[in-house]
Amino acid sequence: MGLFGSIKEIFRLHKVLRESIKESKEKELIYLNMSHEDMATLSDDELFDAVLTRTENKVDAFEEWEDGVNALNNSQKIFYSVNWLEIEVNNGGLCQFFVNSSRMVAPYVSEYMGIIGADEHKNLFDKFVNENNIDLTDLSSFDVEEADEFEEQTERYPFDDYDDAFYDMEPLETYLKKFAREHLQDF
């Protein structure tokens, strides 16, 4: 493939990306304007996306992330917080959850996992925190400025053991889908 072929491929990929973004924005608008009755007809995957969209939209309406999270109702906080734990662990491990701003919800995720019925996850999290004497109300020791500081953080505790066990469990999303359906009126 010559230069011309490469350029054509770049334009094709750019077009696909634009179309994907457009579809995503259209779906987001539908989810934001959907009634609870309409949401009840969605598949579990679509309902998860709708609840996530609606909850994130509420948080994003605030200038400060913390203010947005605090503005959520209890069901939204549970959904949002547990989802952030799963996102962070799946993206970079539990250490990433403690290092990033998502750690703001760390003091609550154990209770929230219990509420949604993710007892194995709750037990794993509680065991890790207790065995390593981690104070979830003060995670300032996890502050990092540089990438190499993150690497140092990953070596402080047996994060790999936690992450490996986490990955072997039922995804938290499964529990969140059930929770969202059971608390549909809160979203």
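Preceding block: the structure.
Small disclaimer: the values here were computed from a predicted structure and weren't measured.

The rules behind the values
- Residues numbered from 1 in each chain as written.
- Predicted model: local features only at pLDDT ≥ 70, side-chain atom pairs only at ≥ 80, totals over all residues.
- Heavy atoms only, no water.
- Core = buried A, V, L, I, M, F, W, Y, C linked by side-chain atoms within 4.5 Å.
- Buried < 20%, exposed > 50% of the residue type's maximum accessible area, 1.4 Å probe, protein only.
- Helix = DSSP H or I, 4+ residues; strand = E, 2+ residues; numbered from the N terminus.
- Contact = heavy atoms within 4.5 Å.
- Polar contact = N/O pair within 3.5 Å; in protein donor to acceptor, adjacent residues only side chain to side chain.

Here is a general trend for soluble globular proteins: nonpolar side chains tend to be buried in one another's company. Leu 94, Phe 98 and Phe 125 are the most contacted members of the largest nonpolar core, which totals 50 residues. Those elements that place two or more of their residues in this core are helix H3 (44-60), helix H5 (74-92), helix H6 (94-99), helix H7 (106-115), helix H8 (119-131), helix H10 (159-167) and helix H11 (172-182).

Turning our eyes to something else, we now look at the environment of Asn 83. Secondary-structure assignment places Asn 83 in helix H5. In this structure Asn 83 comes out as buried when scored by relative accessible area, which is 5%. If we ignore the near neighbours within four places in the chain, the residues touching Asn 83 are Phe 48, Leu 52 and Leu 176.

The next thing to look at is the side chain of Gln 153. Within the element layout of this structure, Gln 153 appears in helix H9 (residues 147-154). The exposure class of Gln 153 is buried, given its relative accessible area of 7%. Within the local environment of Gln 153, its side chain forms a polar contact with the backbone oxygen of Ser 141, the two atoms lying 2.8 Å apart. Setting aside its immediate chain neighbours within four residues, Gln 153 contacts Cys 95, Val 99, Ser 141, Phe 142, Asp 143, Val 144 and Phe 159.

Honestly, that's just the spatial picture; any functional story needs more than this.
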